[in-house]
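# Examination of the molecular architecture
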Amino acid sequence: MIFDTHAHYDDEAFDRDREELLDSMKEQGVGRIVNACASIESLDRTRELMEKYPFLYGAIGIHPDDGEKVDERILEKIRLLSRHEKSVAIGEIGLDYYWHKEEKEHLLQQKIFRAQMDIAREEKLPFMIHSRDAAKDTLDIVREYVKAGMYGGIIHCFSYSKEIAREYLDMGLYLGIGGVVTFSNGKKLKEVVEYAPLSQLVLETDAPYLAPVPNRGKRNSSLNLPFVVQAIAEIKKIPPEEVEAVTWKNAAGLLHLPAAC
Ligand code: NI
C-alpha cells in the first residue's frame, strides 16, 4: 500500500470528482493520505475531509503565501484543530521567497513560521515544511527548533542540494519525494534520493500539482504515485515493493499511526 504524506484534496481542482476519486483510492493501492492545509479556508475543508474518509488525515497549518492573513485568532484555530484525533502534523508551514521578494515579507513569514513551530512543539506534533528559494533561513530556523526539542518532521517537496539534504537528514528529519524525481530536469533531486537513506524518505504528491512523468502537466492525484515509487526504485536499485513498504513504515512511524492499514 502507498502512503501519500502530502496532498491538497480540498483544492477546487477536485470539485467535480473528489468523492469518486477518494472512494477509489484503496482499491487502487493508496492506503493513506495526509491532506495538507495551505490557505485559511482549507482548515475547515481539511476537517471535513478527515471526518468523512477514514484513511485521510490532516496536516494543520498555513502556507507562507498566506502569511499576511494570519493573526492570533487563526493561530488559535490551528492549535484547536491540531488536537483533532485525525490531525497528524502541523503543515504546510515554512518560507517562500520565490513569490515574495521583499525583506519585510520575509520577516513576516518567519514570524508566522515560528508561531506554528511553537504550536507543533507544544502540541507534540511533527512539522511539515514548505521551503522555496529560502534554503538558509529555513535551515537556520529548523535547526534552532530541533536543537531545543521537536517531534520530527518532513521537508516537503525537497528542492535543494545534497549538502542541504545532509543537514536535515543529520537532524533525523524526512524528505518528501514526489513527481519531480521523474522529471528529466530533476537531476538534483535524483542525486538527493540516491544519497539519502530510504529510511528517511516519504512519498508525496502535492496533488493537484507536480504530476510525475508520463502525466506531467496534468492534474496530479495519489494514483500517480506508482511512477514515483518506480523512479525511486530505479535510482536505489531495489524492488518497487521495498520502496512502498519502507516509505509506508517511515510515514506511519513519524505520524504515530498503526503500522497496519
Ligand atoms: Ni503542498
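Preceding block: the structure.
Because the structure is a prediction, the values reported are computed rather than measured. For every chain, the first residue of the written sequence is number 1, and numbering continues from 1 onward in sequence order. Local features in a predicted model are, by the rule used here, given only for residues with pLDDT of at least 70; side-chain atom pairs are given and counted only at 80 or more, and totals for whole chains, interfaces and linings are based on all residues. No hydrogens and no water enter the side-chain calculation; it runs on all heavy atoms of the structure.

### Observations regarding the sheet that holds strand β5 (residues 127-132)
The line we're drawing: Pairing between two strands is assigned when DSSP locates at least 2 bridges connecting them. Runs of H or I in DSSP of at least four residues are treated as helices and runs of E of at least two as strands, each being numbered from the N terminus. Whenever a helix is involved, its axis is fitted only over the stretch in contact; in every case the axis is a line through C-alpha atoms, and angles between N-to-C directions fall within 0 to 180 degrees. Pairs of residues are marked as contacts when any of their non-hydrogen atoms sit within 4.5 Å.
Taken together, eight strands build an open sheet; the order of strands is β1-β2-β3-β4-β5-β6-β7-β8 and the sheet is parallel. Since the sheet does not close on itself, it has two edges, and those belong to β1 (2-7) and β8 (201-203), each with one partner. Pairwise comparison of adjacent strand axes, ignoring direction, gives a mean angle of 30° for this sheet. Note: β5 against strand β6 (residues 153-155), three bridges, orientation parallel. Following the sheet pairing, Phe 127 is matched in β6 by Gly 153. Packed on one face of the sheet, helix α5 (residues 135-148) meets β4 (87-96) and β5 and runs near 160° to β5.

### Focus: the coordination of the nickel ion
Note the following rule: The rule for donors is simple: an N, O or S atom within 2.8 Å of the metal counts, and for Na, K and Ca the reach is 3.2 Å. Water is not among the atoms, so a site may look short of donors. Donor angles set the geometry label: tetrahedral for four donors if every angle is between 85 and 135 degrees, square planar for four and octahedral for six if opposite donors exceed 155 degrees and the others are between 65 and 115, irregular for anything else. Relative accessibility thresholds used throughout: buried, under 20% of the residue-type maximum; exposed, over 50%; partly exposed, between the two (1.4 Å probe, protein chains only).
Bound to the nickel ion are the protein donor atoms His 6 (NE2), His 8 (NE2), Glu 92 (OE) and Asp 206 (OD), situated 2.1 to 2.2 Å from the metal. If you look at the nickel ion, its four donor atoms make angles of 87 to 173° with each other, and the shape they trace is irregular. Counting the intervening residues between successive donors of the nickel ion yields the motif H-x1-H-x83-E-x113-D. Of the two residues, His 8 sits in the loop between β1 and α1 (18-23) while Asp 206 sits in the loop between β8 and α8 (225-236), which places them 198 residues apart along the sequence. Take His 8 and Asp 206: they sit in the same class, and that class is buried.

### Things to note about the layout of surface pockets
For clarity, the threshold we go by: In the cavity and pocket records, a cavity denotes points on a 1 Å grid over the protein atoms alone where a 1.4 Å probe fits but cannot get out, a pocket denotes an open set with protein on both sides within 12 Å along at least 5 of 7 lines, and lining residues are residues with an atom within 4 Å of a point. Grid points are joined across faces, edges and corners, and a volume is the space filled by probe spheres set on the points. Note on residue categories: nonpolar means Ala, Val, Leu, Ile, Met, Phe, Trp, Tyr, Cys or Pro, charged means Asp, Glu, Lys or Arg, and polar means any other residue, Gly included.
Quantified by volume, the largest pocket comes out at close to 980 Å³. Contributing to the lining of the largest pocket are 36 residues, with His 130, Arg 132, Cys 157, Asp 206 and Leu 210 lying nearest its centre. When contributions to the lining of the largest pocket are tallied by element, the ones reaching two or more residues are α2 (41-52), β4, β5 and α7 (187-195). Looking at the lining of the largest pocket, its residues break down into 12 nonpolar, 10 polar and 14 charged.

### Remarks on the packing of aromatic side chains
We apply this condition: Aromatic contacts are taken between Phe, Tyr and Trp rings whose centres are within 6.5 Å, Trp giving its six-membered ring; a plane angle under 30 degrees counts as stacked, one over 60 as edge-to-face, and the others as tilted. Either the NZ atom of lysine or the CZ atom of arginine qualifies as a charge over a ring when it sits within 6 Å of the ring centre and within 35 degrees of the ring normal.
Within the structure shown, the criterion is met by six aromatic pairs. Ring geometry for Phe 3 against Trp 248: centres 5.4 Å apart, planes inclined by 65°, an arrangement best described as edge-to-face. Note that Phe 3 is positioned in strand β1 and Trp 248 in helix α9 (residues 240-254), a separation of 245 residues in sequence. Across the pair, exposure class does not vary: Phe 3 and Trp 248 are buried alike. An aromatic cluster is built from Phe 158, Tyr 160 and Tyr 168, whose rings are joined through pairwise contacts. Positioned over the ring face of Tyr 98 is Lys 101, at 5.2 Å from the centre of the ring. Against the face of Tyr 98 rests Arg 132, its NZ or CZ located 3.6 Å from the ring centre.

### Let's talk about the nonpolar core
Within soluble globular proteins, side chains that are nonpolar tend to cluster in buried spots. Defined as follows: Throughout this description, the term nonpolar core refers to a set of buried Ala, Val, Leu, Ile, Met, Phe, Trp, Tyr and Cys residues connected via side-chain atoms within 4.5 Å.
Formed by 72 residues in total, the largest nonpolar core has its most connected members in Tyr 9, Tyr 168 and Leu 175. Looking at this core, the element that brings in the most residues is α8, giving seven residues. Each residue touching Leu 175, except ones within four places of it in the same chain, is listed here: Ile 154, Ile 155, Phe 158, Ala 165, Tyr 168, Leu 169, Val 192, Ala 196, Gln 200, Leu 201 and Val 202. Ala 36, Val 88, Met 128 and Ala 251 belong to the second-largest nonpolar core, a separate cluster that totals 17 residues.

Everything listed here is a matter of geometry and, on its own, says nothing about what the molecule does.
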